[in-house]
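Listed below are the residues making up each chain.
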Amino acid sequence: MSVVVVSDSSSRLQADERKQWNIREVPLHVLIDGTDLRDGIDDIPYDLHDRPKVTTAGATPAELVETYRQALADSGGDGVVAVHLSAALSSTYSAAVTAAREFGPSVRVVNSRSAAAGVGFVATAAARCAAAGGDVDAVEAAARSALSRTHVFLVVHRLDNLRRSGRIRTTASWLGTALSLKPLLCLDVDGRLVLDQRIRTVTKAHAAMVDRVAEVVGENTADVVVHHVDNHDAADALGAALTQRLPQISSLSVADMGPVLSVHVGAGAVGVAVLTAGR
């Protein structure tokens, strides 16, 4: 048998990718008018990011325990490495740590310090190691090695969703005073959503995001996913700009940001997740 990797639905890994790398997924939750919908399992309205009273919740302890138990059994006792959405953005990581205590050192939990495909990149790095026969220590190390090579940038069209969600500090001076600000945001080394640059137009913000991606990639190869919330044209344009700017990119795909993250960043948002090459 081999070590099994678990992630959550924030990773935006497609079903075929999860099957290829034997990655198990725990759903995050969207709460609409008192109805609890599971991301990746239940039908969720596409326009939920425009609804004022929608909230989200992390994976529950019961879901995590059950998923870890099954994954550990399927591993034949070799172990489980769980990679979850940044602890600064979701309660899922803390719930995962609590759930993992039931299984002792056989289940390791890694804070991805990332979101969207950034989580998927870390989980896949771990799963590649598992597929190559790595033990639980090696698989955990592979996940942690990918943390510093993973970067996420984001441009939002409106700040309302971020204000409501509390995923960015409402005391930030730029958040309260900017009228037409289209900030370039990023996830810092602790997985917190912070201001990278103050920019006044979407066009300039997207161009700045291309510059920042080019900066972190440098001369390396990299895997890139461009995410969006109901803004496929802008995402395609960003993908084309990145491909032209960085011909050494190993892979580039465009994907929606998913319902849970969409609630917090709002319509029109575009983001880029990057994994640079390395060991």
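Shown above is the structure to which this text applies.
First, a word on what this report is: a plain description of the structure on this page. Keep in mind that this is a model prediction, so the values were computed, not measured. (Residues numbered from 1 in each chain as written. Predicted model: local features only at pLDDT ≥ 70, side-chain atom pairs only at ≥ 80, totals over all residues. Heavy atoms only, no water.)

**Remarks on the sheet that holds strand E13 (residues 270–276)**
- Across the sheet, which stays open at both edges, the 6 strands sit in the order E10-E9-E8-E13-E11-E12 with mixed pairing between neighbours. Each edge of the sheet is formed by a strand with only one pairing partner; in this case those strands are strand E10 (193–197) and strand E12 (251–256). Each strand of the sheet is rotated relative to its neighbour by a mean of 25°, with strand direction disregarded.
- Where strand E8 (residues 150–155) and strand E9 (residues 184–187) come together, 3 bridges link them in antiparallel fashion. Residue pairing in the sheet places Val155 in a bridge with Leu184 of E9.
- Of the strands in this sheet, strand E11 (222–228), E12 and E13 are in contact with helix H9 (residues 232–245), which crosses E11 at around 160°. (Pairing = 2+ DSSP bridges. Helix = DSSP H or I, 4+ residues; strand = E, 2+ residues; numbered from the N terminus. Axes fitted to C-alpha atoms, helices over the stretch in contact; angles between N-to-C directions. Contact = heavy atoms within 4.5 Å.)

**Structural notes on helix H4 (residues 117–131)**
- Spanning 15 residues, H4 covers 20 Å between terminal C-alpha atoms, matching the ideal 21 Å at 1.5 Å per step.
- Counting buried positions along H4 gives 13 out of 15 residues, so the element sits mostly inside the fold.
- A positive backbone phi angle near 100° is found at Gly133, which sits one or two residues after H4. (Expected span 1.5 Å × (residues − 1). Buried < 20%, exposed > 50% of the residue type's maximum accessible area, 1.4 Å probe, protein only.)

**Things to note about the packing of H4 against helix H5 (residues 136–147)**
- Packing of H4 against H5 leaves a shortest axis separation of 8 Å and a crossing angle of 145°. Considering the relative orientation of H4 and H5, their crossing is right-handed. Within the contact between the two elements, H4 uses Val122, Ala125, Ala126, Cys129 and Ala130 and H5 uses Ala138, Val139, Ala142, Ala143, Ala146 and Leu147.
- Of the residues contributing to the contact of H4 with H5, the split by class is 11 nonpolar, no polar and no charged. (Left-handed = near helix turned anticlockwise from the far one by under 90°. Nonpolar A, V, L, I, M, F, W, Y, C, P; charged D, E, K, R; others polar.)

**Remarks on the nonpolar core**
- If you look at the biggest cluster of nonpolar residues, it comprises 71 residues, and the most contacted ones within it are Leu64, Tyr68, Val83, Val139, Leu154 and Val156.
- Take this core: its biggest share by element is 10 residues, from H4.
- Excluding anything up to four places from it in sequence, Leu64 contacts Val26, Ala59, His84, Thr92, Ala95, Ala96 and Ala99.
- Among the nonpolar cores identified, the runner-up in size contains 25 residues, and Leu184, Ala235, Leu238 and Leu246 belong to it. (Core = buried A, V, L, I, M, F, W, Y, C linked by side-chain atoms within 4.5 Å.)

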